[in-house]
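Working through the structure, step by step
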Amino acid sequence: MEERDQADTADPLQQFRIPHLPSNFYYIPNFVTAEEEASILQKIPSRRWVTLSHRRLQAHPSTLTKNNTLLAAPLPTYLANPVVDRFKTLGIFLDTPHQEPNHVLINEYRAGEGIMPHEDGSAYARVVATVSLGASVCLEVCEKVDGGEEREVGGMDGDEAPRADQSTEVLSSNPPPLSPVPQPPKHALPTRILQEPRSLLITMGPAYTELLHGIAPVAVDENLNQDTVANWALLGEAGGFEKNGGRNVRGTRVSLTYRDVLRVSKAAGKVFGGLGRR
Ligand SMILES: O=C(O)CCC(=O)C(=O)O
Ligand SMILES: [Fe+2]
């Protein structure tokens, strides 16, 4: 990362822009070290997981309230350091209301698990920064269906229809109602982004609002090459996938998705912090 940073000091993100995709996706390999990866994985609290049908999940500092409000609280230290300072160096949250992430959803997928195509919705500023840990996975992005209802967490998750509780967990405690018969989105130009362990993927602007993203519930990502993977040229170790015949055998992957929740309530301080605090 250091070498590439020197190449462009004006906008450090430009060199990481994923080509041929709607603006803007950025991919940074080796954003955290192997030691940092191990340390973060070891600090994720085992008792906070909420188990869903195709993955498990936890929210920090807490889940959002019914009207998509975050009760103000700092991120746990192991999520804040060293990651958030590196975001600041890159200017990732410079244009969001709080200019730094205030919320992290942690997802864990075992081989064969995934997340149905969805969009992340309006509770957040239009920036998500995703740190991948443990194993590689392909994220699939596709355009939203024109004229269709917006779906925040809809579509297909393998052969299983989304359940109400599954729709709530990703983004808020107050999901939009799901249509009774979920239809798969009509994929226009589905494209894959390969996320290696220790990498950072940034999704912002139109890429956040105009596209759906999801992870197929498969045990192996196949046919990986420069024509099928949008960020092939930015990968840390494309050679490994080449040697493996263009296959990525999935392991257990953990993603840390950093976001800026727009609505924040300081009321939690009054409830939990005692009387007289403002
Ligand atoms: O695990 C990922 O990279 C994607 C997770 C995701 O889309 C979400 O939490 O909204
Ligand atoms: Fe998402």
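Per chain, residues are indexed from 1 in the order of the written sequence. Throughout, the order in which chains and ligands are written sets their labels, letters from A for the former and numbers from 1 for the latter. Owing to the predicted nature of the model, reporting of local features is limited to residues with pLDDT of at least 70; listing and counting of side-chain atom pairs is limited to 80 or more, with chain, interface and lining totals taken over all residues.

1. Concerning the overall build of the protein
Heads up, the condition is: By the criteria applied, helices consist of DSSP H or I runs no shorter than four residues and strands consist of E runs no shorter than two, each listed in order from the N terminus. In this scheme the burial state of a residue depends on its C-beta neighbours within 10 Å: 20 or more other such atoms mean buried, 12 or fewer mean exposed, and anything in between means partly exposed; the C-beta positions come from the backbone. The contact criterion used here is simple: two residues whose C-beta atoms, placed from the backbone, lie within 7 Å are in contact.
Helices and strands together make up the secondary structure of the protein, namely eight helices and 15 strands. Going through the 278 residues of the protein one by one, you find that 39% of them count as buried. By sequence separation, contacts in the protein at least 24 residues apart represent 84% of the contacts at least 6 residues apart.

2. Digging into the pairing of strand S8 (residues 137–143)
Put simply, the test is: Paired strands are those between which DSSP finds at least two bridges.
For S8 and strand S9 (residues 191–195), the ladder comprises five bridges, and the chain directions are antiparallel. When the sheet's bridge partners are listed, Val137 is paired in S9 with Gln195. Bridge count between S8 and strand S11 (residues 211–215): four bridges; the pairing is antiparallel. Within S11, the residue paired with Glu140 across the bridge is Gly214.

3. Brief notes about the nonpolar core
For clarity, the cut-off: Defined on buried residues, the nonpolar core groups Ala, Val, Leu, Ile, Met, Phe, Trp, Tyr and Cys residues joined through C-beta atoms within 7 Å.
Core analysis: the biggest nonpolar cluster contains 60 residues, and Phe25, Tyr27, Val127, Ala129, Ile193 and Ile202 have the highest contact counts within it. Examining the composition of this core, we find that five residues originate from one element, strand S7 (residues 127–133), more than from any other. Excluding its chain neighbours within four sequence positions, the residues that come into contact with Ile193 are Ile18, Phe25, Tyr27, Leu139, Val141, Leu201, Ala230 and Asn231.

4. Re the sheet that holds strand S5 (residues 103–109)
Either a parallel or an antiparallel arrangement is found when strands of a sheet pair, and the pairing is made through backbone hydrogen bonds. Taken in spatial order, the seven strands line up as S1-S10-S7-S14-S5-S3-S2 in an open sheet, and their pairing is antiparallel. Bordering the open sheet on either side are strand S1 (25–28) and strand S2 (50–51), each of which pairs with just one other strand. The sheet contact formed by strand S3 (residues 56–60) and S5 spans five bridges and is antiparallel. Opposite Ala59, over in S5, you have Leu105 as the bridge partner.

5. Quick look at the pairing of strand S14 (residues 253–259)
The element S14 is largely enclosed, with a buried count of seven among its seven residues. Of the two faces of S14, the one carrying Arg253, Ser255, Thr257 and Arg259 and the one carrying Val254, Leu256 and Tyr258 are both buried. In this structure, S5 lies alongside S14, joined through seven bridges in antiparallel fashion. For Asn107, the partnering residue across the bridge sits in S14 and is Ser255. For S7 and S14, the ladder comprises five bridges, and the chain directions are antiparallel. Across the sheet, the residue bridging to Thr130 is Thr257, located in S14.

6. Concerning the sheet that holds S8
The test is simple: Between the N-to-C directions of two axes lies an angle of 0 to 180 degrees, each axis being a line fitted to C-alpha atoms and, for a helix, fitted only over the stretch in contact.
In space, the four strands of this open sheet follow the order S6-S11-S8-S9, with antiparallel pairing throughout. With partners counted over all chains shown, the strands left at the sheet margins are strand S6 (115–118) and S9, one partner each. Across the sheet, the mean angle from the axis of one strand to that of its neighbour is 20 degrees, orientation sign disregarded.

7. Some points on the environment of Ile92
Here Ile92 lies in the loop between helix H4 (83–90) and S5. A residue is classified by how many C-beta atoms lie within 10 Å of it, and Ile92, with 26 of them, is buried. When near neighbours in sequence (up to four residues on either side) are disregarded, Ile92 contacts Phe87, Val127, Ala129 and Ile202.

8. Comments concerning unusual backbone geometry
Trans peptide bonds make up most of the peptide bonds, and negative phi angles are found at most residues other than glycine. Cis peptide bonds are those with omega within 30 degrees of zero, and the linkage from Ser23 to Asn24 qualifies with -5 degrees. By the secondary structure assignment, Asn24 is in the loop between helix H1 (2–7) and S1. The omega torsion of the bond from His60 to Pro61 falls at 0 degrees, within 30 degrees of zero and hence cis. Here Pro61 is to be found in the loop between S3 and strand S4 (69–71).

9. Details of the environment of Arg55
Among the secondary structure elements, Arg55 is positioned in the loop between S2 and S3. Overall, the presence of 24 C-beta atoms within 10 Å leaves Arg55 in the buried class. Distance from Arg55 to Gly214, taken between C-alpha atoms, is 12 Å for residues 159 residues apart in sequence. Beyond its immediate sequence surroundings of up to four residues, Arg55 is in contact with Asn107, Glu108, Tyr109, Glu113 and Ile115.

10. Considering the confidence of the model for the protein
Rules: One confidence number per residue, pLDDT, is output by the predictor and ranges from 0 to 100.
When pLDDT is averaged along the protein, the result is 84; 77% of the residues meet or exceed 70. Scored below 50 in pLDDT, residues 153–179 makes 67 contacts in the model with residues more than four places away or belonging to other chains. Low pLDDT, under 50, characterises residues 273–278; the predicted model gives this stretch two contacts beyond four residues in sequence or across chains.

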